[in-house]
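Report on the structure
Given next are the chains, with one letter for each unit.
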Number of protein chains: 2
Amino acid sequence: MKTRPYHHGDLRTALLTRAEQTLRDKGPAALSLRELARDIGVSHAAPSRHFKDKQALLDALALDGFDRFLGALTAARESGDAFADRLGAVARAYVGFATDNAALLELMYSAKHEPGASKELIACSQRLAALATGLVEEGQRRDEVRPGPVEDIMLPVMAAIHGFATLAANGTLPAEEVERGLGATIAFALRGCAA
Amino acid sequence: MKTRPYHHGDLRTALLTRAEQTLRDKGPAALSLRELARDIGVSHAAPSRHFKDKQALLDALALDGFDRFLGALTAARESGDAFADRLGAVARAYVGFATDNAALLELMYSAKHEPGASKELIACSQRLAALATGLVEEGQRRDEVRPGPVEDIMLPVMAAIHGFATLAANGTLPAEEVERGLGATIAFALRGCAA
DNA sequence: ACCTGAACACCGTTCAAGT
DNA sequence: ACCTGAACACCGTTCAAGT
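Conventions we followed
- Position labels on residues start from 1 in each chain and follow its written sequence.
- Whichever chain is written first is A, and whichever ligand is written first is 1; the rest continue in order.
- The predicted origin of the model limits local features to residues at a pLDDT of at least 70 and limits the giving and counting of side-chain atom pairs to 80 or more, whereas totals for whole chains, interfaces and linings rest on all residues.
- By convention in this description, side-chain values take in all heavy atoms of the structure and omit both hydrogens and water.
- We count a salt bridge whenever a side-chain nitrogen from Lys or Arg sits within 4 Å of a carboxyl oxygen from Asp or Glu.
- Helix numbering and strand numbering both begin at the N terminus, where a helix is a DSSP run of H or I of at least 4 residues and a strand a DSSP run of E of at least 2.
- To sort residues, take the accessible area from a 1.4 Å probe on protein chains only and compare it with the maximum for the residue type: under 20% means buried, over 50% means exposed, and anything in between is partly exposed.
- Throughout this document, a residue counts as near a molecule or strand when at least one of its heavy atoms sits within 4 Å of that molecule or strand.
- Pairing of N or O atoms within 3.5 Å defines a polar contact, subject to two protein rules: one partner must be a possible hydrogen donor and the other a possible acceptor, and residues neighboring in sequence count only if both atoms are side-chain atoms.
- UniProt positions are given in the numbering used here, feature names are shortened, and annotations may be inferred rather than shown by experiment.
- Pairing of aromatic rings covers Phe, Tyr and Trp, the last through its six-membered ring, and needs centres within 6.5 Å; plane angles under 30 degrees mean stacked, over 60 mean edge-to-face, and all others mean tilted.
- When the copies are superposed, the least-squares fit takes in the C-alpha atoms of residues with a pLDDT of at least 70 in both.
- Residue contacts are counted whenever heavy atoms from the two residues lie within 4.5 Å of one another.
- By buried area we mean the combined loss of accessible area, with a 1.4 Å probe, across both parts when two parts are placed together.
- Only four residue types enter the charge count, namely Lys and Arg as positive and Asp and Glu as negative; His and the chain termini do not.

With an unreviewed UniProt entry as reference, chain A is termed TetR/AcrR family transcriptional regulator, source organism Streptomyces milbemycinicus.

Residues and elements named next belong to chain A. If you walk through the whole model with that rule in mind, you get 22 salt bridges over all chains. Taking the shortest distance from any N to any O, the salt bridge between arginine 24 and glutamate 20 comes out at 3.2 Å. Placement of the pair is arginine 24 and glutamate 20 together in helix 1 (residues 11–26), with a separation of four residues, close to one helical turn. The salt bridge partner of arginine 92 is glutamate 179, with a shortest N-O separation of 3.0 Å. Here glutamate 179 lies in helix 8 (residues 178–193) and arginine 92 lies in helix 4 (residues 83–100), a separation of 87 residues in the sequence. According to the relative accessible area criterion, arginine 92 is partly exposed, its value standing at 39%. In this structure glutamate 179 comes out as partly exposed when scored by relative accessible area, which is 49%. By sharing partners, the salt bridges in this structure join Glu20, Arg24, Asp64 and Arg68 into a single network.

Taken together, 22 residues lie near DNA strand C, and Arg34 and Arg38 of chain A together with Ser43, Arg49 and His50 of chain B sit nearest. Close to the protein, within 4 Å, the atoms of DNA strand C are drawn from sugar and phosphate at a rate of 48%. At a separation of 2.9 Å, a phosphate oxygen of DNA strand C approaches a polar backbone atom of leucine 33 of chain A. In the model, a phosphate oxygen of DNA strand C is placed 2.5 Å from a nitrogen or oxygen of the serine 43 of chain B main chain.

Time to look at the protein's contact with DNA strand D. Taken together, 22 residues surround DNA strand D, and among them Ser43, His44 and His50 of chain A together with Arg34 and Arg38 of chain B come closest. Take the atoms of DNA strand D that sit within 4 Å of the protein: sugar and phosphate atoms are 48% of them. For DNA strand D, a base nitrogen lies 2.9 Å from a polar atom in the side chain of arginine 49 of chain A. Arginine 38 of chain B has a polar side-chain atom sitting 2.6 Å from a phosphate oxygen of DNA strand D. Top element by residues in the surface near DNA strand D is helix 2 (residues 33–40) of chain B. It accounts for four residues.

The next subject is the UniProt feature "DNA-binding region" (unreviewed entry) in chain A. Per the UniProt annotation, the sites labelled "DNA-binding region" (unreviewed entry) are residues 32–51 of chain A. Between the C-alpha atoms that bound residues 32–51 of chain A the distance is 13 Å, and the span itself is 40% helix and 0% strand.

Turning to the packing of aromatic side chains, a few remarks are in order. Evaluated as defined, the whole model comprises eight aromatic pairs over all chains. Centre to centre, the rings of phenylalanine 69 of chain B and tyrosine 94 of chain B are 4.9 Å apart; their planes meet at 75°, and the pair counts as edge-to-face. On the criterion of sequence distance, the pair formed by phenylalanine 69 of chain B in helix 3 (residues 54–76) and tyrosine 94 of chain B in helix 4 (residues 83–100) is long-range, its members being 25 residues apart. Overall, the relative accessible area of 0% leaves phenylalanine 69 of chain B in the buried class. Classification of tyrosine 94 of chain B as buried rests on a relative accessible area of 1%. An aromatic cluster is present here, built from Phe66, Phe69, Tyr94, Phe97 and Tyr109 of chain A joined pairwise through their rings.

Quick look at the relation of the copies chain B and chain A now. The operation relating chain B to chain A is a screw motion whose rotation component is 180°, with 0.0 Å of axial translation and a residual RMSD of 0.0 Å. Taken together, the turn and the small shift mark the pair as related by a two-fold rotation axis. Both copies present the same face, since 100% of the interface residues in chain B are matched by interface residues at the equivalent positions in chain A.

Further remarks concern the interface of chain B and chain A. Many descriptions give the size of an interface as the accessible area lost when the pieces come together. Contacts between the two partners involve 30 residues from chain B and, on the opposite side, 30 residues from chain A. Regarding the contact of chain B and chain A, the summed buried area is about 2,600 Å², with carbon and sulfur atoms giving 66% of it. Counting the surface chain B buries against chain A, the share from its top three residues, Leu155, Phe188 and Arg191 of chain B, is 26%. For the pair chain B and chain A, the interface holds two salt bridges. Among the salt bridges present, the one from aspartate 152 of chain B reaches arginine 180 of chain A, with a minimum N-O distance of 3.0 Å. For the interface between chain B and chain A, the tally reads six residue pairs in polar contact (both at pLDDT 80 or more). Residue assignment for the side of chain B that touches chain A shows that the elements contributing at least two residues are helix 5 (102–112), helix 7 (150–169) and helix 8 (178–193) of chain B.

Attention now moves to the side chain of arginine 146 of chain B. By secondary structure assignment, the location of arginine 146 of chain B is in the loop between helix 6 (119–141) and helix 7. For the buried arginine 146 of chain B, which has no salt bridge, the nearest side chain bearing the opposite charge is aspartate 152 of chain B, at an N-O separation of 7.0 Å. Discounting residues that sit within four places of it in the chain, arginine 146 of chain B has contacts with Phe188 and Arg191 of chain A together with Gln140, Ile153, Gly192, Cys193, Ala194 and Ala195 of chain B.

Structure, rendered in structure tokens:
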């Protein structure tokens, strides 16, 4: 057997990993620092060496989620050449992440607009806005999206995708209707963008 | 001075009123049954006579919110005759409620998809869907909305309105940009619906 | 019928002390 | 540097007992 490193080794990572697991399995309400510490096998006070309080751990979790989320969206943005393909791929990536990480996404959005939201979290939010803006502008340059102020197009498109993603993720829309609804939402968005 | 009725009088109502106040002022995390009881001046065990547990109080709060929300939307649905006017009024009512009752709306949506969500809460959710469906169908009958399966139009429209409302309510979209963004979102939705 | 007081099993956070 | 143990001030929930 491997000898365990001094004390725990990497408690910080262990806490984050376990916390995300719990978030996924039992929801955000069931996330307790003391239980996390118990599960990992350290004292209840140990986490405070790595996270100054519970919110700091939640913020780290949210930041981690945003990184993966933005990674997925950025990759999707390069799918094909046409605006329609790129928008469709981004929408699918967005909704896919939302349904696969419902609790985490909720945490990401609530952490972001907490009073003392970290600069990194705000930066993530801006990167997301920049991605959407860039996508629409590119579509306009290709004459595949009608002209006019980008915000007036980008905002409704993101609202539709984000709104659909939350409806799909929280179960308002039954799982078996998600695929069709997503197709309809993408088609609807493209209609609204059409030149 | 008025003599106070036996014991408290109407503890149930007092709890709900105070809880909504706290929700509005300090957010859902700050909502504690014991503090509520303290503020009102009863023992910490008293609330249990009226709400079997904390979730029951939250459900009652959510139900109350849904009633007002549906009332506002139902009224808006009768604004003018044209589909464009009605959709615009519903969207404005939706976003208005969301920005005026951000924490409550969040509670309404999370209470609704809690494991043991009450029948009444689910019924509210269905009334909302029925309202949106009726609006679109009416537009189709008037030839102001393109033909096709209602769900394929209703769902994207609701996603856009709901998505915009959450972006506006949680501060992702700065308050001074809400009015313009709302106009753009309504215009975008109408474009997507156009016959 | 409605409420109280005490009790139980949890929390998050802090801080001296250990290794 | 990293963790422990005890302490503090909170929770939600339950239940006998009071009026």
